[in-house]
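Below, each chain spelled out in residue letters.
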Amino acid sequence: CPLTPPTVCPDPKPSYTDVAPIFEQHCLSCHDGKHEQWPLTSYQHVADWFGEIRGQLIACTMPPRAANSEMSVDERMGILEWIRCGYPE
């Protein structure tokens, strides 16, 4: 999982519709609003937690091994690029 977070925003900028499927596939099993973890079910939820999400992705601690949903480096980088670009809707 080691990766170097992006330092520039790519052109074209990714949008939430580009990263939403990654959240759906790898995060909603726990972050669906029905469990105790903070929900990631909408753009606003994800945007509100962008700093925490960024830190967890860089540290490779989310998704946890127990979730049985391994996120690829490309998926992590996609979300990190989206955050770097100011998390456009």
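A brief report on the enclosed structure follows.

Rules of the game
Residues numbered from 1 in each chain as written. Predicted model: local features only at pLDDT ≥ 70, side-chain atom pairs only at ≥ 80, totals over all residues. Heavy atoms only, no water. Phe/Tyr/Trp six-rings, centres within 6.5 Å; stacked < 30°, edge-to-face > 60°. Helix = DSSP H or I, 4+ residues; strand = E, 2+ residues; numbered from the N terminus. Buried < 20%, exposed > 50% of the residue type's maximum accessible area, 1.4 Å probe, protein only. Disulfide = S-S within 2.5 Å. Arc of directions from axis to C-beta. Contact = heavy atoms within 4.5 Å. Core = buried A, V, L, I, M, F, W, Y, C linked by side-chain atoms within 4.5 Å.

1. What to know about the packing of aromatic side chains
For the coordinates displayed, the defined rule picks out seven aromatic pairs. Relative to Trp-82, the ring of Tyr-16 has its centre 5.8 Å away and its plane inclined at 45°; by these criteria the two rings are tilted. You can see Tyr-16 sitting in helix 1 (residues 16-26) and its partner Trp-82 sitting in helix 4 (residues 73-84), a full 66 residues away along the chain. Taking the relative accessible area as the measure of exposure, Tyr-16 reaches 14% and is therefore buried.

2. Quick notes on the state of the cysteines
Tallied over the full model, the rule gives two disulfides. A sulfur-sulfur distance of 1.7 Å marks the disulfide that ties Cys-1 to Cys-60. Across the disulfide from Cys-1 to Cys-60, rotation about the S-S bond amounts to roughly -85°, and the bridge is consequently left-handed. Of this pair, Cys-1 sits in the segment before helix 1 while Cys-60 sits in the loop between helix 3 (50-59) and helix 4, placing them 59 residues apart in sequence. Judged by relative accessible area, which is 37%, Cys-1 ranks as partly exposed.

3. Digging into helix 1
By the burial criterion, the buried members of helix 1 are Tyr-16, Val-19, Ala-20, Ile-22, Phe-23 and His-26. Here the buried residues of helix 1 occupy an arc of 165° about the axis, which is enough to place them on one side. Residues of helix 1 that are exposed and angled more than 90 degrees away from the buried face: Thr-17, Glu-24 and Gln-25.

4. A closer look at the environment of Tyr-43
Structurally, Tyr-43 is set in helix 2 (residues 43-48). By relative accessible area, which is 17% here, Tyr-43 ends up buried. Along the chain, Tyr-43 and Val-19 lie 24 residues apart, while their C-alpha atoms are 9.9 Å from each other. If near-sequence neighbours (up to four positions away) are discounted, Tyr-43 is found in contact with Tyr-16, Trp-82, Tyr-87, Pro-88 and Glu-89.

5. Thoughts on unusual backbone geometry
Of the consecutive residues Asp-11 and Pro-12, the connecting peptide bond is found in the cis state with omega at 10°. At the junction of Met-62 and Pro-63, the peptide bond is cis and its omega measures out at -10° in the coordinates. You can see Pro-63 is positioned in the loop between helix 3 and helix 4. Of note, Cys-60 is a non-glycine position whose phi angle comes to about 60°, a positive value.

6. Topic: the nonpolar core
Among the nonpolar cores identified, the biggest contains 19 residues, and Tyr-16, Phe-23, Val-46, Ile-53, Ile-79 and Trp-82 are the most heavily contacted of them. Listed by contribution, the elements that provide at least two residues to this core are helix 1, helix 2, helix 3 and helix 4. Ignoring any residue separated from it by four or fewer positions in sequence, one finds Tyr-16 in contact with Ser-42, Tyr-43, Val-46, Trp-82, Pro-88 and Glu-89.

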